[in-house]
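One-letter residues, chain by chain:
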Amino acid sequence: MVAKILLFDIDGTLLLSGRAGYRALTRAFEELFGVKQGFDGVPVAGMTDELILTDALRRAGVVADRVDRERFHRRYCDLFGEEIHFPGPRKGLMPGVLTLLDRLSRVDEVKCGLVTGNFAHPARIKLEHFDLWRFFHFGAYGDDAPVRDELVSIAVARAERKGVTVQGAHHVVVIGDTPLDVQCALAAGARSVAVATGTYDEVALRGTKADAVVSDFGETDTVVELLLDI
Ligand SMILES: [Mg+2]
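Fair warning: this is a prediction, and the values are worked out from it, not measured in the lab.

Draft legend 1. Quick look at the coordination of the magnesium ion. The protein atoms that coordinate the magnesium ion are Asp9 (OD), Asp11 (O) and Asp177 (OD), at distances of 2.1 to 2.2 Å. Within one chain, the residues donating to the magnesium ion are spaced in sequence as D-x1-D-x165-D. Of this pair, aspartate 9 sits in the loop between strand E1 (4-8) and strand E2 (15-16) while aspartate 177 sits in the loop between strand E6 (172-176) and helix H7 (179-188); the two residues are 168 residues apart in sequence, bridging distant segments of the chain. Aspartate 177 shares its class with aspartate 9; the two are buried.

Draft legend 2. Helix H5 (residues 120-129), seen in detail. Three or more residues of H5 are buried, namely Pro122, Ala123, Ile125, Lys126 and Leu127. In this structure, the buried side of H5 is in contact with E2, helix H3 (66-83) and strand E4 (110-115). In the stretch just after H5, aspartate 131 is the one whose phi turns positive, near 60°.

Draft legend 3. Region of the structure containing the pairing of E6. With 5 of 5 residues buried, E6 lies mostly within the body of the structure. Burial along E6 is two-sided: Val172, Val174 and Gly176 facing one way and Val173 and Ile175 facing the other are all buried. Here E1 pairs with E6 via 4 bridges, running parallel. If you follow leucine 6 over to E6, its bridge partner there is valine 173. Judged from the 4 bridges that link them, E6 and strand E7 (residues 191-195) form a sheet pairing that is parallel. Residue pairing across strands places isoleucine 175 opposite valine 193, the latter belonging to E7.

Draft legend 4. Expanded view of the pairing of E7. In terms of burial, E7 is largely enclosed, as 4 of its 5 residues are buried. In this region the chain leaves E6, passes through H7 and returns to the parallel neighbour E7; the handedness of that crossover is right-handed. Bridge analysis of E7 against strand E8 (residues 212-214) gives 3 bridges, and the strand direction is parallel. Paired with valine 195 across the two strands is valine 214, which belongs to E8.

Draft legend 5. Spatial organisation of the packing of helix H1 (residues 20-33) against helix H2 (residues 49-60). Two elements in contact, H1 and H2, have axes whose closest approach is 12 Å; the angle formed by their N-to-C orientations is 50°. Our classification of the angle between H1 and H2 gives oblique. Where H1 crosses over H2, the two elements pack in a sense that is right-handed. The segment H1 lies against H2, with Leu25, Phe29 and Phe33 engaging Ile52, Leu53, Ala56, Leu57 and Ala60. For the contact of H1 with H2, a count of residues per class yields 8 nonpolar, no polar and no charged.

Draft legend 6. Structural detail: the pattern of salt bridges. Evaluation of the coordinates by the stated rule reveals 19 salt bridges. A salt bridge links arginine 148 to aspartate 9; its shortest N-O distance comes to 2.9 Å. Within this pair, whereas arginine 148 is found in the loop between strand E5 (139-140) and helix H6 (151-161), its partner aspartate 9 is found in the loop between E1 and E2, the two being separated by 139 residues in sequence. Judged by relative accessible area, which is 6%, arginine 148 ranks as buried.

Draft legend 7. Just H3, in detail. For H3, built from 18 residues, the straight-helix expectation of 26 Å at 1.5 Å per residue is met to within 8% by its first-to-last C-alpha distance of 25 Å. Every buried residue belonging to H3 is among Arg69, Phe72, Tyr76, Cys77, Leu79, Phe80 and Glu83, and all of these are buried. Packing partners of the buried residues in H3 comprise H1, H2 and H5. Residue aspartate 65 occupies the N-cap position of H3, its side-chain oxygen lying 3.2 Å from the main-chain nitrogen of valine 67.

Draft legend 8. Region of interest: the packing of aromatic side chains. Summed over all chains, the structure comprises 10 aromatic pairs. Joined through ring pairs, the aromatic side chains of Phe29, Phe33, Phe39, Phe72, Tyr76, Phe80 and Phe119 make up one cluster. Between the NZ or CZ atom of arginine 19 and the centre of the ring of tyrosine 22, over which it lies, the distance is 4.1 Å.

Draft legend 9. The arrangement of the nonpolar core in detail. Core analysis: the biggest nonpolar cluster contains 51 residues, and Phe8, Leu14, Leu132, Phe136 and Leu227 have the highest contact counts within it. With 6 residues, the single largest contributor to this core is H1. When residues are assigned to domains, this core turns out to be shared by domain 1 (4-17 + 92-229) and domain 2 (20-83), each giving three or more. In this view, leucine 14 contacts Phe8, Asp9, Leu93, Met94, Val97, Leu101, Leu114, Leu127, Leu132 and Phe136; residues no more than four positions away in its chain are not counted.

Criteria and thresholds
- Residues numbered from 1 in each chain as written.
- Predicted model: local features only at pLDDT ≥ 70, side-chain atom pairs only at ≥ 80, totals over all residues.
- Heavy atoms only, no water.
- Donors = N, O, S within 2.8 Å, 3.2 Å for Na, K, Ca; no water.
- Helix = DSSP H or I, 4+ residues; strand = E, 2+ residues; numbered from the N terminus.
- Buried < 20%, exposed > 50% of the residue type's maximum accessible area, 1.4 Å probe, protein only.
- Contact = heavy atoms within 4.5 Å.
- Pairing = 2+ DSSP bridges.
- Right-handed = clockwise from strand over helix to strand, strands pointing away.
- Axes fitted to C-alpha atoms, helices over the stretch in contact; angles between N-to-C directions.
- Parallel < 35°, antiparallel > 145°, perpendicular 65-115°, else oblique.
- Left-handed = near helix turned anticlockwise from the far one by under 90°.
- Nonpolar A, V, L, I, M, F, W, Y, C, P; charged D, E, K, R; others polar.
- Salt bridge = Lys/Arg side-chain N within 4 Å of Asp/Glu carboxyl O.
- Expected span 1.5 Å × (residues − 1).
- Polar contact = N/O pair within 3.5 Å; in protein donor to acceptor, adjacent residues only side chain to side chain.
- Phe/Tyr/Trp six-rings, centres within 6.5 Å; stacked < 30°, edge-to-face > 60°.
- Lys NZ or Arg CZ within 6 Å of the ring centre and 35° of its normal.
- Core = buried A, V, L, I, M, F, W, Y, C linked by side-chain atoms within 4.5 Å.
- Domains from an automatic or database assignment.

In structure tokens:
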């Protein structure tokens, strides 16, 4: 048993991929459904990739069955593997992320995992690109459930299968950059820490039910203490 399971969101929390996801989605959508710029105006922050696709299909008036969606999923993953190598706006790690994850990896009482709306395959490509994959032991992804609220319990169940257990859901902490990250923690009875490095600023995040809000992960000692004590 460990004292805490820490479940990190990826985009806007750990890193930004410089819109590689947007470019790969857009290319796959045009290739398979013949619609240009299919994701312009589609809200993405905190959403699962599955729901983002559903929204884009609806806006474009495209009817897609399960086979079409699976084909899209595969093509998107392939294209993401290309796009991640190109430069883009704000591409990189959020402040303090590498130091924080390195520090947490040396703390026996905690184990880090992922809860992200990204499909599993691009999530791994993204984290490997930035050399962060090695810090995460388990996770739940956008292809595990369309709704983010279901992902925390899936991640915790996967942790248990790896022998990582905690005393209860309140020893699970979700760390993310949107109100939807906070909401998925609440839905699972978990704690949450919101970080203002993504789409939402500190004021907006304080309006959620997050247990704590931080501007970024720059102050490693303070953030480690917060995550252990919350
Ligand atoms: Mg995010």
